[in-house]
2 protein chains.
Amino acid sequence: MLATHAFAAQNATSPLGPFNFERRDPGNKDVVIDILYCGVCHSDLHQIRDEWGGSIFPMVPGHEIVGRVTRVGSGVKGFKTGDIAGVGCFVDSCRVCPSCKAGLEQYCEQGMTGTYNSYERDGKTPTYGGYSTQIVVDEAYVLHIPAGLPLEGVAPLLCAGITTYSPLKEWKVGKGHKLGVLGLGGLGHMAVKLGASFGAEVTMLSSSPSKEADAKRLGAHQFALTSDEKGLAKFKNYFDFIIDTVSAPHSLPFYLQLLNRDGTIILVGAPPAPHQLPGFDILLKRRRVAGSLIGGIKETQEMLDYCGKNKIVSDVEVIPIQDINKAYERMLKGDVKYRFVIDIASLKK
Amino acid sequence: MLATHAFAAQNATSPLGPFNFERRDPGNKDVVIDILYCGVCHSDLHQIRDEWGGSIFPMVPGHEIVGRVTRVGSGVKGFKTGDIAGVGCFVDSCRVCPSCKAGLEQYCEQGMTGTYNSYERDGKTPTYGGYSTQIVVDEAYVLHIPAGLPLEGVAPLLCAGITTYSPLKEWKVGKGHKLGVLGLGGLGHMAVKLGASFGAEVTMLSSSPSKEADAKRLGAHQFALTSDEKGLAKFKNYFDFIIDTVSAPHSLPFYLQLLNRDGTIILVGAPPAPHQLPGFDILLKRRRVAGSLIGGIKETQEMLDYCGKNKIVSDVEVIPIQDINKAYERMLKGDVKYRFVIDIASLKK
């Protein structure tokens, strides 16, 4: 067994603190990764505070993992010691259902095995995430990281990147499309970068006037203040797509009005209460509401390769693990541009 | 001016009764149609009772019109005296916006001119519908009725038919798809007929056990009672598409659960209150909610030609206009298989 240092939550109200546990000895198909960076996702906080219910404690969060391969099982073909590798939101799935066979393991009909706050396929061994010194994962669920990118900026691609890349690809968003990005946080800033890179005209829809300059620096062509009713009038029936990254309560009908005929609002965040959906708002313009959840292994690799080629990474603030509880408080206030990433070296001292 | 007999509502609480008015003299591009049959749509009742607001009185309802051409303007090219012609939910639109140019006049950005309860493009001349002896319509908004179909069964195709045909075509529903049809009324029975005709496996989702035999006679391959939780369990994550024809309040999240990954629920009815849409219900399976509103002139003609070729008409109960108020009461109880159609001869006596 592999002795591993980590930070964990012991229950839904405790702050994160040091925690030691053992990773399994690598099996035939397993890759052992010495973790270098792990991104801090808003869902980490939801889960350590048990806001979605069913949390498993102690919990080691983290599903935006980049590290170096230190050992591989004898049957591993795709990785070798020294490779830079990534792990995203899941580390296994049933592998036989139609979704798994289609490379859409995130929709596994038996349920994917989350990188943390989940159980291995045996249904009883808890999984621990990337706020830890190392991880052991079947190579089928490990990603190759393209060379030439700063690794701390790559980590958030494993969740924030693929969560926005996948629906933009699924809906073929690109040249000639007007794309609205709702919310400039971890997901939103990746949606701006990727949407602009795909050739769409990107408009940032934000409630913070202070974010205009930054949105444009990230690639947005326009900025619209969501509290400015007058300014928003020109965006009525305007967008072909809106990607809605906001998990806080907000008015879906308000943003539906900004969609043109045949426009689609893509939800990648899930507010705590159900959205309101007035039938006429989507009937009268043949509008659509779609959901999307991260992405499969194949598409995540495609996204990483695309980002490597196009030099796209996340804008991050690197922190030592000892600052994680403070970082959560700042994240809650939106005080991060645009993703905290833990330098796991701070765990190894 | 053309003296016209009709039945009208004088206000939101009065029953329908006799009403005389004059149609305009036919212009250069106009077709005069002697109305033979007019279908009774649930929206007629919503509008005469002002349930959607903004109703214009006196109101002559009716937008499922079939009749015989009695006169054409000198510039009319597509119709001649004696032709059988149809008029649906609108009789004009701006003709220049992107939606009109795309043949999607129902989404006209200036607003289509409804066949009734609307104003002509002058913004002041009220339009009167098909519960009347004749109508005068620009030929660009008149449909050709294929030969060989019983005309009383054709009338409802102009609204119920195209309302279900259009989204089934838009979403390319056909062979290999599992289609659920929610609600067996005027729209639902057309969705069953058309969905089956397109090659989809059709499942009727109904709250009335008494409708099973009829649903199967109409072409449904399966029947699921929506109140039977146990029986419905086998349809969890099952459908590729559900077409939701129900305008009464009902639980959208309940039916979302029946959609498979990438499944789409298409709303063609709009309940009075907004639907509830929990984000996770569509994120976790990449599901979609779409709306659709009737169809454009080009597609309505395509639908009529398709129905002519495939001998598809609506199942109707023909009534004299004098029975219209009783018919509304029966319609409210769902006591019609599946559309009342007025024999306009009863207005000409």
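Residues numbered from 1 in each chain as written. Chains lettered and ligands numbered in written order. Predicted model: local features only at pLDDT ≥ 70, side-chain atom pairs only at ≥ 80, totals over all residues. Heavy atoms only, no water.

Counting secondary structure elements, chain A contains 12 helices and 18 strands. Along the longest, intermediate and shortest principal axes, the C-alpha atoms of chain A span 60 × 40 × 40 Å. Long-range contacts, defined as pairs at least 24 residues apart, comprise 66% of the intrachain contacts of chain A with a sequence gap of at least 6. Within the structure as shown, chain A displays about 13300 Å² of accessible surface, and the carbon and sulfur contribution to it stands at 52%. With 38 positive and 36 negative side-chain charges, chain A shows a separation of 5 Å between the mean positions of the two kinds. (Helix = DSSP H or I, 4+ residues; strand = E, 2+ residues; numbered from the N terminus. Contact = heavy atoms within 4.5 Å. Areas by Shrake-Rupley, 256 points an atom, 1.4 Å probe, with all protein chains shown as cover. Lys, Arg positive; Asp, Glu negative; His and termini not counted. Charge placed at Lys NZ, Arg CZ, Asp CG, Glu CD.)

A separate point is the relation of the copies chain A and chain B. Put simply, the two copies of the chain differ by a rotation about an axis and a shift along that axis. Of the two same-sequence chains, chain A is brought onto chain B (RMSD 0.0 Å, axial shift 0.0 Å) by a rotation of 180 degrees. Put plainly, the chains are arranged around a two-fold axis. Mapped onto chain B, 100% of the interface residues of chain A again fall at the interface, so both copies present the same surface. (Least-squares fit on C-alpha atoms with pLDDT ≥ 70 in both.)

The next point concerns the domain arrangement of chain A. All names here are of chain A. Its domain assignment divides chain A into domain 1 (2–159 + 295–347) and domain 2 (161–291). Taking only C-alpha atoms into account, the centre of domain 1 sits 27 Å from that of domain 2. Taken residue by residue, the interface counts 18 residues in domain 1 and 18 residues in domain 2. Our count for the domain 1 to domain 2 interface comes out at 2 salt bridges. Taking the shortest distance from any N to any O, the salt bridge between Lys 193 and Asp 315 comes out at 2.6 Å. (Domains from an automatic or database assignment. Salt bridge = Lys/Arg side-chain N within 4 Å of Asp/Glu carboxyl O.)

In this section: the sheet that holds strand E13 (residues 239–244) of chain B. Strand order across the open sheet formed by 12 strands is E12(A)-E11(A)-E10(A)-E13(A)-E14(A)-E16(A)-E16(B)-E14(B)-E13(B)-E10(B)-E11(B)-E12(B), with mixed pairing between neighbours. Of all strands in the sheet, those bounded by a partner on one side alone are strand E12 (222–225) of chain A together with strand E12 (222–225) of chain B. Going across the sheet, the axis of each strand differs from the next one's by a mean of 20 degrees, ignoring polarity. Here strand E13 (residues 239–244) of chain A runs beside strand E14 (residues 259–267) of chain A; their pairing, made up of 5 bridges, is parallel. From the neighbouring strand, Asp 244 of chain A faces E14 of chain A, where its bridge partner is Leu 267 of chain A. Contacting strand E10 (178–182), strand E11 (201–206) and E13 of chain A, helix H5 (residues 186–197) of chain A crosses the sheet at an angle of about 165 degrees to E10 of chain A. (Pairing = 2+ DSSP bridges. Axes fitted to C-alpha atoms, helices over the stretch in contact; angles between N-to-C directions.)

Next up on the list: the interface of chain A and chain B. At the interface, 35 residues of chain A touch 35 residues of chain B. In this assembly, chain A packs against chain B so that about 3300 Å² is buried in total across both faces, 61% of it on carbon and sulfur atoms. Our count for the chain A to chain B interface comes out at 4 salt bridges. One salt bridge connects Glu 170 of chain A with Arg 286 of chain B, and the closest N-O pair in it is separated by 3.4 Å. Counting across the interface, chain A meets chain B through 11 residue pairs in polar contact (both at pLDDT 80 or more). (Buried area = accessible area lost by both parts, 1.4 Å probe. Polar contact = N/O pair within 3.5 Å; in protein donor to acceptor, adjacent residues only side chain to side chain.)

Turning next to the packing of helix H4 (residues 160–170) of chain B against helix H10 (residues 297–310) of chain B. Residues and elements named next belong to chain B. Running from amino to carboxyl end, H4 crosses H10 at an angle of 100 degrees, the nearest separation of the two axes being 10 Å. It follows from the interaxial angle that H4 and H10 lie roughly perpendicular. Of H10, the residues touching H4 (which contributes Gly 161, Ile 162, Tyr 165, Ser 166 and Lys 169) are Glu 299, Thr 300, Glu 302, Met 303 and Tyr 306. In terms of residue class, the contact of H4 with H10 is built from 4 nonpolar, 3 polar and 3 charged. (Parallel < 35°, antiparallel > 145°, perpendicular 65-115°, else oblique. Nonpolar A, V, L, I, M, F, W, Y, C, P; charged D, E, K, R; others polar.)

Time to look at the pairing of strand E4 (residues 65–72) of chain A. As paired strands, strand E3 (residues 30–39) of chain A and E4 of chain A are joined by 7 bridges and run antiparallel to one another. Bridging across to E4 of chain A, Val 32 of chain A finds its partner in Arg 71 of chain A.

Enumeration according to the criterion identifies 26 aromatic pairs over all chains in this entry. Summarising the aromatic geometry, the rings of Trp 52 of chain A and Phe 280 of chain B are spaced 5.5 Å apart at their centres and angled 85 degrees between planes, so their arrangement reads as edge-to-face. Linking Trp 52 of chain A in the loop between helix H1 (42–48) and E4 with Phe 280 of chain B in helix H9 (residues 279–283), this pair reaches from one chain into another. The class for Trp 52 of chain A is partly exposed, based on a relative accessible area of 44%. With a relative accessible area of 32%, Phe 280 of chain B lands in the partly exposed category. An aromatic cluster of three or more residues is present, and its members are Phe 19, Phe 21 and Tyr 128 of chain A. (Phe/Tyr/Trp six-rings, centres within 6.5 Å; stacked < 30°, edge-to-face > 60°. Buried < 20%, exposed > 50% of the residue type's maximum accessible area, 1.4 Å probe, protein only.)

On to the confidence of the model for chain A, then. Averaged over chain A, the pLDDT score is 96; the fraction of residues at 70 or greater is 100%. Overall fold confidence (pTM) sits at 0.95, and the ipTM for the predicted complex is 0.94. (pLDDT = per-residue confidence, 0-100.)

Further remarks concern the environment of Pro 320 of chain A. If you trace the backbone, Pro 320 of chain A turns up in strand E17 (residues 316–320). Leaving out residues up to four positions away in the same chain, Pro 320 of chain A has contacts with Ile 342 and Ser 346 of chain A.

Looking now at the environment of Ala 200 of chain A. Mapped onto the elements of the fold, Ala 200 of chain A is located in the loop between H5 and E11. With 41 residues separating them in the primary sequence, Ala 200 of chain A and Phe 241 of chain A have C-alpha atoms 9.8 Å apart.

Attention now goes to the pairing of E13 of chain A. Residues and elements named next belong to chain A. Burial runs high along E13: 5 of the 6 residues are buried. Bridge count between E10 and E13: 4 bridges; the pairing is parallel. The partner of Leu 182 across the bridge, within E13, is Asp 244.

This part is about the pattern of salt bridges. This model, assessed by the stated rule, comprises 38 salt bridges over all chains. Here Arg 95 of chain A ties to Asp 138 of chain A by a salt bridge, and the two come within 3.1 Å at their closest N and O atoms. With Arg 95 of chain A in the loop between strand E6 (90–92) and helix H2 (98–101) and Asp 138 of chain A in strand E8 (residues 134–138), the pair connects residues that are 43 residues apart, well separated along the chain. Residues joined in a network through salt bridges with shared partners are Glu 170 of chain A together with Arg 261, Asp 262, Arg 286 and Arg 288 of chain B.

On to helix H11 (residues 324–332) of chain B, then. All names here are of chain B. Inspection of H11 places Ile 324, Ala 327, Tyr 328 and Met 331 among the buried residues, and these make up the whole buried set. The arc that holds the buried residues of H11, viewed along the axis, is 105 degrees, so those residues lie on one side. Taken from the residues just after H11, Gly 334 is the one with a positive phi, measuring 75 degrees. (Arc of directions from axis to C-beta.)

For the rest of this paragraph, the subject is helix H5 (residues 186–197) of chain B. Residues and elements named next belong to chain B. Compared with an ideal rise of 1.5 Å per residue, which puts 12 residues at 16 Å, H5 spans 17 Å between its outermost C-alpha atoms and is within 8% of the ideal. Within H5, 10 of the 12 residues are buried, which leaves the element mostly enclosed by the surrounding structure. The complete set of buried residues in H5 reads Gly 186, Leu 187, Gly 188, His 189, Met 190, Ala 191, Val 192, Lys 193, Leu 194 and Gly 195. Just past H5, the residue Gly 199 takes up positive phi, approximately 100 degrees. (Expected span 1.5 Å × (residues − 1).)

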